[in-house]
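Understanding the architecture of this molecule
Next come the chains, spelled out residue by residue.
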There are 2 protein chains.
Amino acid sequence: MRNLLVELAYDGRAYHGWQVQENAPTVQQTFQDAWQQICRVRDNVVGCSRTDAGVHANMFFCNVRTDTSLECEKLVTALNAVLPDDIVVKSCREVPCEFHARYDCVSKEYIYRILDSSVSSPFLNGLVWHYKYRLDENLLNECAKCFLGTHDFSGFCSAGSSVEDTVRTVYRSEVTRQGDEVVFRIEADGFLYNMVRIITGTLIAVAQGKIKKEDLPAIIESHERALAGPTAPPQGLYLNRVNYGGEIR
Amino acid sequence: MRNLLVELAYDGRAYHGWQVQENAPTVQQTFQDAWQQICRVRDNVVGCSRTDAGVHANMFFCNVRTDTSLECEKLVTALNAVLPDDIVVKSCREVPCEFHARYDCVSKEYIYRILDSSVSSPFLNGLVWHYKYRLDENLLNECAKCFLGTHDFSGFCSAGSSVEDTVRTVYRSEVTRQGDEVVFRIEADGFLYNMVRIITGTLIAVAQGKIKKEDLPAIIESHERALAGPTAPPQGLYLNRVNYGGEIR
């Protein structure tokens, strides 16, 4: 049996996230349907992450343990031929049989895109968070730095998560601007449920004067969800990079 | 009576171009409907250009002679509230009553976006021409330079155009690459029907070895449509800039 590592990118607008669920279209479901159509068998597909409804992926990995004998390159072409246009297979390669797309991930990077403009863009509906009032990207960048390092992020996690260990290490956390677009970029060894969206909402709360920059360290250490900002909407969020260690990197 | 100059941007995927036509949704129709809903009168709207079905606009101007007393800023907000998300009003201002969005235009710039990648992007369907084979942007840029200056472009015009004067002056014509995206940018005092798409198709024909770079000047001077390349598909084309002279600039 082979273990295939498949790289995807997807526009999440039409999907209720990655994970299969009843009565709602998901990326995993759609991918598994395409896989079954090509390989004639419903192999189990393991994603590197769940993503929320409406969240996008510039890079997403899944691994599939399969008996298919199709060459990787042909599998890419065949899957893209049957997948809808908003899900694209970028590559496929064989990995050791014990490789697991989620457990073997050493870090992930998300970006959160904010269109900072009084009027919207006709091309970016559902692809950015449109924020009408001028943001100070330098202030936001200073705030983003407060999240660097190892912290118990339980205050930046939505209810409904069953994770026990809420300590994560943030390697990179920065805000930059390119024209009208303000981008928050964060890399960590892992993320709690809604963590990036809550941090983004907290940065915006500082921009709005609702939270003071000086209070951020104490808010992080308080572990109180109520002290952080609101959860930013899903459409600005992209899983941007997934890093594996060892030979898979 | 006021004459209002309205700046739009639109995603052309859902529209059969700008110009009102029977039995097909167009940007002009949609804009006029929104205008009527806000101003309670069906004022005549004059666009700066026709665009083809599926073609986009990063910048588009129209002028409206109207009796409405609504302030420009309020008109922008109100129109955006009723327009669909793929058409955005960027600005509105009062101009002299004789100003005409099409006749007073001194030059226009189009860009043609080509996604040059073996696999597509889930975010760019209908927004670029996906070309799977590696393009040499330096070669294309050299070819683009052949179109600079004043020429009779009748060989780069689709049948069905009734324009008599087919001489146009090209001020800028260049090809650049940013990552996987190859962009052809052309500015001229005017464009014939399908001119940018036929020039783009001709550039690609050179990349494919079907037309020789050295032959381009003779092909332009031949005025023979059959010697130029095929018409590139509409989805990569954007009206990118519209320039007016005098006080409107």
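Quantities reported herein were computed from a predicted structural model and do not represent experimental measurements.

Attention now moves to the packing of aromatic side chains. Residue and element names in this part refer to chain B. For the structure on display, the rule yields 24 aromatic pairs over all chains. Aromatic side chains Tyr10 and Phe60 sit 5.5 Å apart centroid to centroid with 55° between the ring planes, which places their arrangement in the tilted category. In this pair, Tyr10 sits in strand β1 (residues 2-10) while Phe60 sits in strand β3 (residues 56-66), placing the two residues 50 residues apart along the sequence. Of the two residues, Tyr10 and Phe60, both sit in the buried class.

Moving on to the packing of helix α3 (residues 137-145) of chain A against helix α4 (residues 195-207) of chain A. All names here are of chain A. Orientation of α3 relative to α4, taken along the N-to-C sense of each, is 135°, at an axis distance of 10 Å. By the angle class used here, α3 and α4 are oblique. Crossing hand, α3 versus α4: right-handed. Along its contact with α3, which presents Leu139, Leu140, Cys143 and Ala144, the element α4 presents Leu203, Val206 and Ala207.

For the rest of this paragraph, the subject is the confidence of the model for chain A. Considering every residue of chain A, the mean pLDDT works out to 95; 100% of them sit at 70 or more. Predicted complex, confidence summary: ipTM 0.89, pTM 0.92.

On the basis of relative accessible area, Tyr10 of chain B is assigned to the buried category, the value being 0%. In sequence terms Tyr10 of chain B and Asp189 of chain B are 179 residues apart; their C-alpha atoms lie 22 Å from each other. For Tyr10 of chain B, the residues in contact, after removing those within four places along its chain, are Pro122 and Phe123 of chain A together with Trp18, Val27, Thr51, Val55, His56, Ala57, Phe60, Asp86 and Ile87 of chain B. For Tyr10 of chain B, the side chain forms a polar contact with the side chain of Thr51 of chain B, separated by 2.8 Å.

All names here are of chain A. Tracing the backbone through its elements, the reader meets His130 in strand β6 (residues 129-131). His130 sits in the partly exposed class, given a relative accessible area of 25%. Measuring from C-alpha to C-alpha, the distance between His130 and Val119 comes to 8.4 Å, with 11 residues separating the pair along the chain. Residues within four places of His130 in sequence aside, it is in contact with Leu115, Ser117, Ser118, Val119 and Ser120.

Okay, the pairing of strand β3 (residues 56-66) of chain A next. Residue and element names in this part refer to chain A. Burial of β3 is extensive: 9 of the 11 residues sit out of reach of the surface. Sheet topology places strand β2 (residues 45-47) next to β3; 3 bridges connect them, and they run antiparallel. Note on β3: the bridge partner recorded for Val45 is Val64. With 2 bridges connecting them, β3 and strand β10 (residues 237-244) associate as parallel partners. By the bridge assignment, Ala57 is partnered in β10 with Leu239.

What follows is about the interface of chain B and chain A. Facing 22 residues of chain B, the contacting portion of chain A comprises 22 residues. Taken together, the two surfaces of chain B and chain A that pack against each other cover about 1,400 Å², and 67% of this comes from carbon and sulfur. On the chain B side of the interface with chain A, the three residues burying the most area are Val119, Pro122 and Phe123 of chain B, jointly 45% of the side's total. Our enumeration of links across chain B and chain A arrives at 0 salt bridges.

A few words on the relation of the copies chain B and chain A. Superposition of chain B onto chain A requires a rotation of 180° combined with a translation of 0.0 Å along the rotation axis, giving an RMSD of 0.0 Å. These values place the two chain copies in the arrangement generated by a two-fold rotation axis. Using C-alpha coordinates, one finds that chain B approaches the rotation axis most closely at Phe123 of chain B, a distance of 4.9 Å. Looking at chain B, 100% of its interface residues are interface residues in chain A too, so the copies touch through the same face.

This brings us to the state of the cysteines. Residue and element names in this part refer to chain A. Applying the stated rule across the entire model yields 0 disulfides over all chains. With no disulfide of its own, Cys48 has Cys105 as its nearest cysteine by sulfur position, at a separation of 6.4 Å. Of the cysteine sulfurs around Cys62, a residue in no disulfide, the closest is that of Cys48, at 8.0 Å. For Cys62, a relative accessible area of 0% puts it in the buried group.

Calculation notes
- Residues numbered from 1 in each chain as written.
- Chains lettered and ligands numbered in written order.
- Predicted model: local features only at pLDDT ≥ 70, side-chain atom pairs only at ≥ 80, totals over all residues.
- Heavy atoms only, no water.
- Phe/Tyr/Trp six-rings, centres within 6.5 Å; stacked < 30°, edge-to-face > 60°.
- Helix = DSSP H or I, 4+ residues; strand = E, 2+ residues; numbered from the N terminus.
- Buried < 20%, exposed > 50% of the residue type's maximum accessible area, 1.4 Å probe, protein only.
- Axes fitted to C-alpha atoms, helices over the stretch in contact; angles between N-to-C directions.
- Parallel < 35°, antiparallel > 145°, perpendicular 65-115°, else oblique.
- Left-handed = near helix turned anticlockwise from the far one by under 90°.
- Contact = heavy atoms within 4.5 Å.
- pLDDT = per-residue confidence, 0-100.
- Polar contact = N/O pair within 3.5 Å; in protein donor to acceptor, adjacent residues only side chain to side chain.
- Pairing = 2+ DSSP bridges.
- Buried area = accessible area lost by both parts, 1.4 Å probe.
- Salt bridge = Lys/Arg side-chain N within 4 Å of Asp/Glu carboxyl O.
- Least-squares fit on C-alpha atoms with pLDDT ≥ 70 in both.
- Disulfide = S-S within 2.5 Å.

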